Amino acid sequence: MNNLNAADLPRPAPRSSNPEIMAAEIIERLTYRIGKDVKVAKPHDWLTATILVVRDRIIDKWMESTRKAYANNSKRVYYLSLEFLIGRLMRDAISNIGLMHEIRDALSSLGVDLDVIAGLEPDAALGNGGLGRLAACFMESMATVDIPAYGYGIRYVHGLFRQQMADGWQVELPETWLAHGNPWEFERRESSYEIGFGGSVETIGGYEDPQRFVWKPAERVIAMAYDTPVVGWRGTRVNTLRLWSAQPIDPILLAAFNAGDHIGALRESNKAESLTRVLYPADATPAGQELRLRQEFFFSSASLQDILRRHLQQYPDFTSLPDKVSIQLNDTHPAISICEMMRLLCDVHGLEFDDAWKITQGTFSYTNHTLLPEALESWPVPLLERLLPRHMQIVYAINANTLVYARKEKKMADQQIRSISLIDEGGERRVRMGNLAFIGSHSINGVSALHTELMKETVFADLHGLYPDRINNKTNGITPRRWLMQCNPGLTGLVREAIGDDFLDDAEKLTALDRFADDAGFREKFAEVKRLNKVRLANTVAQRMGIRVDPSAMFDIQIKRIHEYKRQLLNLVETVALYDQIRSHPELEWVPRVKFFAGKAAPSYHNAKLIIKLANDIARVINNDPAVRGLLKVVFIPNYNVSLAEIMVPAADLSEQISTAGMEASGTGNMKFALNGALTIGTLDGANVEMLEHVGADNIVIFGMTAEEVAKARAEGHNPRAIIEQSAELSQALSSIASGVFSPDDRSRFAGLIDGIYNSDWFMVAADFDAYADAQRKVDAIWSDQDSWNTKTVRNTARMGWFSSDRTIRQYATEIWRA
Ligand code: GL2
């Protein structure tokens with residue numbers, strides 16, 4: 001066998017895409033893989049059988065892709081991410097391999113509806129929000145643009161919590177995506193690595209032999225791989241998402257068990273497994289807990305051991321590593337990888353520190369996703385010292401080299417030295433993971449043009465001074481397969497009729513649609529597609545919540561994590577102001593609106609949870625007030641996830657992207673809405689700035705303070721009280737919320753939240769209110785001229801192709817990975 005050339009290896013027979021044959025294959029999987037007779041098969045069995053058939057077709061391409069990478073000695077890209085917010089996979093996979101009609105027909109010949117079983121597939125919610133969803137879009141785009149890539153992450157048994165509402169309050173329940181098994185994945189028992197924690201470091205050699213350090217961990221667990229194939233558009237290439245699961249070294253302590261300690265005998269086993277049990281539900285705030293650091297090291301170490309093993313299979317040593325391997329760190333969560341790489345190269349493979357450092361820096365690159373100070377990870381020195389003693393030594397060694405270089409070569413002063421140091425000495429000493437990721441990488445990128453500039457000016461100003469050619473920008477993108485073709489087949493069909501199929505392979509070809517914005521007939525069809533998508537959302541809301549909404553009203557949508565900087569509160573205060581206006585001026589022609597909200601709050605984030613309660617309280621009052629005459633409705637849809645986004649995004653007329661300027665690194669929801677023909681109301685924040693450049697000022701409604709103005713107001717102090725007094729609408733809205741108009745059962749419930757606006761207004765809710773309210777009335781005016789509205793929405797779709805993640809990935813590939 002081993003003597004055969006790759007080209008001569010025996011291959012399975014090619015598979016047919018004839019629906020009859022596929023139907024037979026589905027039955028075959030049902031019978032022999034699931035062990036069910038057609039007669040007794042449950043919908044979930046059909047789903048699994050169908051996925052197995054689809055998966056088999058993908059496997060053929062998968063092996064081909066792997067062989068190709070070996071044969072061409074291609075550079076491999078490794079995307080290390082603690083989060084992959086995948087959602088459902090089946091529909092995407094079927095569509096990417098071009099078998100949608102065939103599988104639908106095959107299933108329907110068996111009396112099974114593809115849409116029904118597709119709806120049963122659980123969302124793989126292994127991420128919190130934008131950062132995790134970006135990783136999922138990137139995986140699909142890397143396969144599409146034919147880059148040999150692996151995603152590495154953790155196979156959490158429980159993904160992001162399920163959100164339920166109890167009397168309008170968020171309640172978190174465990175999510176169980178693996179309850180019916182996971183037919184996509186392959187367990188790879190042979191790809192297992194030992195991961196250590198704690199213990200001590202011993203020094204061997206020294207005086208005559210070269211000195212070497214040996215880490216003797218006190219605890220060890222096994223990391224075992226699970227592989228999921230990720231197929232690109234038109235099946236171009238199939239890459240691997242490799243997720244690690246923690247296993248105990250000894251499944252049971254038999255002696256303890258036999259001695260009668262039945263629980264104690266499983267303690268080690270439980271401890272190991274708890275490592276990969278749950279996704280950390282914090283979004284952009286530091287977890288600050290040992291378990292989180294253990295997760296980070298666990299998956300970093302397993303991934304690096306795997307990467308280095310694969311490299312040595314193909315190459316004699318590690319000098320070629322930077323030419324053959326790129327490791328992208330998705331935020332600082334995997335930043336400990338830099339120390340682990342140094343440890344493996346020096347302590348295990350015997351390289352000299354300086355040589356190892358060159359290889360490490362040449363291999364790693366780092367993406368920063370937030371400037372929020374509370375989200376910049378750092379770990380207490382004593383914790384790192386106890387959990388990863390050898391890595392702490394390496395941190396000190398890297399730090400010494402860097403600071404000597406900064407002081408001697410670059411003549412940096414104390415103040416700058418303090419800011420670039422890996423150790424934060426203010427208060428309890430902590431290791432700064434952002435600085436470690438920066439210093440250990442050859443490229444550091446931001447995720448929008450504005451964010452990248454702010455990185456240079458703020459958090460990384462001094463490191464940027466030290467290494468001025470490292471920071472670069474890669475504006476985020478979204479995969480048009482999921483976020484246009486899959487979620488909006490109506491629009492996709494209409495666009496194909498108008499401009500042909502080129503845009504399916506190159507989203508930037510959507511610009512050909514621009515001239516159709518002036519075609520009244522086309523605009524009508526475009527509006528009709530939107531109407532049908534709104535009907536679908538209205539039905540979903542009726543089914544899930546028993547609330548009826550009118551699809552002819554403007555659907556105004558804000559969906560994202562609940563966070564003060566994202567300013568759902570600004571939207572809610574304006575909603576209350578509008579409610580007051582509608583009641584005071586019933587004679588005016590109000591544009592009927594439905595305000596939709598959805599999103600999860602970090603379980604420990606008090607104000608975010610209060611904002612959810614406020615949305616629900618406001619909804620109850622407004623929706624039941626006959627004086628509103630249905631002109632305004634408020635709906636908070638529980639349990640926001642990728643699948644719900646796929647229903648809401650195509651149904652939006654207005655997309656709310658209203659974060660305090662300077663605080664949203666990029667955003668990606670903003671791109672999804674505009675691509676699907678929504679108008680954006682937004683601040684000059686994150687990627688909104690570039691969206692404005694692409695769609696043009698006539699086709700987006702921008703308001704509010706700039707990042708610079710926000711920074712100035714914060715530095716010099718602004719006077720929210722004076723601002724509130726000058727705005728009658730704002731003061732009335734705030735005082736009605738604060739005084740309990742929406743919370744008669746607990747009148748002071750929201751007093752603290754509103755006090756925050758009066759006393760500090762850190763997020764500029766008061767400062768931006770009037771501008772926002774004016775912008776909303778401008779939106780109403782555009783809506784009242786439906787021709788004008790529809791022209792703008794068509795232009796949005798036509799001009800958003802640049803925000804495809806294929807473009808983003810090509811930029812990473814040429815400018816960072818050189819792959
Ligand atoms: C985020 C940013 O907040 C968001 O603006 C950005 O679009 C994404 C992806 O780059 O990253 N950073 C972060 O920590 N989370 C994000 O969503 N959770």
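Remember, it's a predicted structure, so these values are computed and weren't measured experimentally.

Q: Just to check I follow, could you spell out the overall build of the protein for this structure?
A: For the protein, the helix and strand inventory stands at 34 helices and 24 strands. Computed over its C-alpha atoms, the radius of gyration of the protein comes to 28 Å, within 12% of the 28 Å expected for a compact globule of 819 residues. Principal-axis analysis of the C-alpha atoms gives the protein an extent of 90 × 75 × 65 Å. Counting over 819 residues, the protein shows a buried share of 58%. Put simply, of all contacts in the protein between residues at least 6 apart along the chain, 77% involve residues at least 24 apart. When the accessible surface of the protein is split by element, carbon and sulfur atoms take 51% of a total near 31900 Å². If the 91 positive side-chain charges of the protein are averaged to one point and the 104 negative ones to another, these points end up 3 Å apart.

Q: What am I meant to see in the pairing of strand E21 (residues 632–636) here?
A: Within a regular beta strand, the side chains point alternately toward one face of the sheet and then the other, so they alternate between its two faces. A large share of E21 lies buried, amounting to four of its five residues. Where strand E20 (residues 593–598) and E21 come together, five bridges link them in parallel fashion. Residue pairing in the sheet places Arg593 in a bridge with Leu632 of E21. Where the polypeptide runs from E20 across helix H24 (residues 606–623) and back to E21, its parallel neighbour, the crossover connection is right-handed.

Q: What exactly am I supposed to notice about the packing of aromatic side chains here?
A: The geometry of two aromatic rings is summed up by the distance between their centres and the angle between their planes. All chains considered together, the criterion is met by 21 aromatic pairs. A network of ring pairs unites the aromatic residues Tyr78, Tyr150, Tyr152, Tyr193 and Trp244 as a single cluster. When the ring centre of Phe197 is taken as reference, the NZ or CZ atom of Arg294 above it lies at 4.8 Å. In this structure, Arg470 is placed above the aromatic ring of Tyr467, and the distance from its NZ or CZ to the ring centre is 3.7 Å.

Q: Explain the nonpolar core to me, please; I cannot follow it from the model alone.
A: Where a protein is soluble and globular, its nonpolar side chains tend to be buried together. In this structure, Phe298 and Ile327 are the most contacted members of the largest nonpolar core, which totals 140 residues. The biggest single contributor to this core is helix H9 (residues 290–314), with eight residues. Beyond its immediate sequence surroundings of up to four residues, Phe298 is in contact with Ile154, Ile195, Phe197, Val221, Ile222, Ala223, Trp244, Ser245, Ala246, Leu275 and Thr276. In terms of nonpolar packing, the next biggest core, distinct from the first, is built from 59 residues, Tyr605, Phe636, Leu730 and Phe750 among them.

Q: I'm lost on the packing of helix H30 (residues 728–738) against helix H31 (residues 751–759) in this one. Help?
A: Helices that pack against each other are described as a pair by the angle of their axes relative to one another and the distance between those axes. Relative to each other, H30 and H31 sit at 150 degrees, their axes nearing to 8 Å. Considered as vectors, H30 and H31 are oriented roughly antiparallel to each other. For the pair H30 and H31, the crossing hand works out as left-handed. Counted together, Leu734, Ile737 and Ala738 of H30 and Ala751, Ile754, Ile757 and Tyr758 of H31 form the full contact between these two elements. Each residue belonging to the contact of H30 with H31 can be placed in one class, and the counts come to seven nonpolar, no polar and no charged.

Q: What am I meant to see in the site of the ligand here?
A: What surrounds the ligand is a group of 13 residues, the closest being Asp283, His369, Asn476, Glu664 and Gly667. Backbone polar atom of Leu131 to an oxygen atom of the ligand: 3.1 Å apart, as the coordinates give it. Relative to its unbound accessible area of 390 Å², the ligand is 94% covered by the protein chains. Of the residues assigned to the shell around the ligand, the class counts are six nonpolar, five polar and two charged.

Q: Quick question: what am I supposed to make of the environment of Arg799 here?
A: Following the sequence through the fold, Arg799 ends up in helix H33 (residues 786–799). Spatially, the C-alpha atoms of Arg799 and Asn488 are 17 Å apart, while their sequence positions differ by 311 residues.

Q: So what exactly am I meant to see when it comes to the confidence of the model for the protein here?
A: Parts of the prediction with low pLDDT should not have their coordinates interpreted in detail. With 99% of its residues at a pLDDT of 70 or more, the protein has an overall mean of 96. Interface confidence for the predicted complex, given as ipTM, is 0.99, next to a pTM of 0.98.

Q: Any chance you could explain the side chain of Ser804 here in plain terms?
A: Mapped onto the elements, Ser804 comes out in the loop between H33 and helix H34 (805–817). Exposure remark for Ser804: the relative accessible area of 5% places this residue in the buried category. Ignoring anything within four residues of it in the chain, the contact list for Ser804 reads Gly477, Ile478, Pro480 and Ala507.

Q: Help me out: how do you make sense of the sheet that holds strand E4 (residues 149–154) in this one?
A: Whether parallel or antiparallel, the strands of a sheet pair through hydrogen bonds between backbone atoms. The nine strands are arranged E7-E10-E11-E4-E1-E12-E13-E17-E18 in an open sheet whose pairing can be described as mixed. Strands with a single pairing partner mark the edges of an open sheet, and in this sheet they are strand E7 (186–197) and strand E18 (471–473). In this sheet, neighbouring strand axes are inclined to one another by 25 degrees on average, regardless of whether the strands run parallel or antiparallel. When strand E13 (residues 364–367) meets strand E17 (residues 443–446), the two strands line up parallel, connected through three bridges. Each bridged residue has a counterpart across the sheet, and for Tyr366 the counterpart in E17 is Ile444. Along the sheet, helix H12 (residues 353–363) makes contact with strand E12 (325–330) and E13, crossing E13 at roughly 45 degrees.

Q: I would appreciate a short explanation of the packing of helix H23 (residues 568–584) against helix H32 (residues 765–784) in the present structure.
A: Where H23 meets H32, the axes come as close as 10 Å, and the angle between the chain directions of the two elements is 60 degrees. Judged on the interaxial angle alone, H32 and H23 are oblique. Here the hand of the crossing between H23 and H32 comes out right-handed. Contacts between H23 and H32 involve Leu570, Asn571, Val573, Glu574, Ala577 and Leu578 on the former and, on the latter, Val765, Phe769, Tyr772, Ala773, Gln776 and Arg777. Of the residues contributing to the contact of H23 with H32, the split by class is eight nonpolar, two polar and two charged.

Q: What is the right way to look at the sheet that holds strand E15 (residues 423–424) in this model?
A: Taken in spatial order, the three strands line up as E14-E16-E15 in an open sheet, and their pairing is antiparallel. In the strand order of this sheet, the two ends are held by strand E14 (378–380) and E15, each with one partner. Looking at chain direction, E15 and strand E16 (residues 430–432) are connected through two bridges and run antiparallel. Counterpart to Ile423 in the pairing with E16 is Val431.

Q: Explanation requested: the pattern of salt bridges in the structure shown.
A: Two side chains carrying opposite charge are able to pair once their charged atoms lie near each other. Evaluated as defined, the whole model comprises 64 salt bridges. The partner of Lys68 in a salt bridge is Asp146, with the nearest N and O atoms 3.4 Å apart. Separated by 78 residues along the polypeptide, Lys68 in helix H2 (residues 43–71) and Asp146 in the loop between helix H6 (130–144) and E4 bring together distant segments of the chain. A relative accessible area of 35% means that Lys68 is categorised as partly exposed. A single network of salt bridges, built from pairs that share partners, joins Asp556, Glu574, Arg593, Lys595, Glu656, Arg777 and Asp780.

Q: Is there a simple way to think about a nonpolar patch on the surface in this case?
A: On the surface, Ile252, Leu254, Phe257 and Leu266 cluster together into a nonpolar patch covering about 310 Å² of accessible area. Its location among the elements puts Leu254 in helix H7 (residues 254–258).

Q: Whenever I open this one, the environment of Leu654 confuses me. Can you help?
A: Tracing the backbone through its elements, the reader meets Leu654 in strand E22 (residues 654–657). Remark: the alpha-carbon pair of Leu654 and Pro43, spanning 611 residues in sequence, is separated by 37 Å. If we ignore the near neighbours within four places in the chain, the residues touching Leu654 are Met554, Phe555, Asp556, Ile557, Arg593, Ala678, Leu679, Thr680, Ile681, Gln776, Val779 and Trp789.

Q: Can you walk me through helix H17 (residues 449–457) in this structure?
A: Given 3.6 residues to a turn, an α-helix orients residues that are three or four positions apart in the same direction. Within the sequence span of H17, burial applies to His451, Thr452, Leu454 and Met455. For H17, the angular spread of buried residues about the axis comes to 165 degrees, placing them on one side. On its buried face, H17 sits against E17, helix H18 (461–466) and E18.

Q: Looking at this structure, how should I read the state of the cysteines?
A: Should the sulfur atoms of two cysteines be covalently bonded, the bond is a disulfide. The final tally for this structure, using the stated rule, is zero disulfides. There is no disulfide at Cys137, and the cysteine sulfur nearest it, in Cys487, is 11 Å away. Sulfur of Cys346: no disulfide; nearest cysteine sulfur belongs to Cys339 and is 11 Å away.

The rules behind each value
- Residues numbered from 1 in each chain as written.
- Predicted model: local features only at pLDDT ≥ 70, side-chain atom pairs only at ≥ 80, totals over all residues.
- Heavy atoms only, no water.
- Helix = DSSP H or I, 4+ residues; strand = E, 2+ residues; numbered from the N terminus.
- Rg over C-alpha atoms; globule rule 2.2 N^0.38 Å.
- Buried < 20%, exposed > 50% of the residue type's maximum accessible area, 1.4 Å probe, protein only.
- Contact = heavy atoms within 4.5 Å.
- Areas by Shrake-Rupley, 256 points an atom, 1.4 Å probe, with all protein chains shown as cover.
- Lys, Arg positive; Asp, Glu negative; His and termini not counted.
- Charge placed at Lys NZ, Arg CZ, Asp CG, Glu CD.
- Pairing = 2+ DSSP bridges.
- Right-handed = clockwise from strand over helix to strand, strands pointing away.
- Phe/Tyr/Trp six-rings, centres within 6.5 Å; stacked < 30°, edge-to-face > 60°.
- Lys NZ or Arg CZ within 6 Å of the ring centre and 35° of its normal.
- Core = buried A, V, L, I, M, F, W, Y, C linked by side-chain atoms within 4.5 Å.
- Axes fitted to C-alpha atoms, helices over the stretch in contact; angles between N-to-C directions.
- Parallel < 35°, antiparallel > 145°, perpendicular 65-115°, else oblique.
- Left-handed = near helix turned anticlockwise from the far one by under 90°.
- Nonpolar A, V, L, I, M, F, W, Y, C, P; charged D, E, K, R; others polar.
- Near = heavy atom within 4 Å.
- Polar contact = N/O pair within 3.5 Å; in protein donor to acceptor, adjacent residues only side chain to side chain.
- pLDDT = per-residue confidence, 0-100.
- Salt bridge = Lys/Arg side-chain N within 4 Å of Asp/Glu carboxyl O.
- Patch = residues over 30% accessible without salt bridge, like charges linked within 9 Å, V, L, I, M, F, W, Y side chains within 5 Å.
- Arc of directions from axis to C-beta.
- Disulfide = S-S within 2.5 Å.

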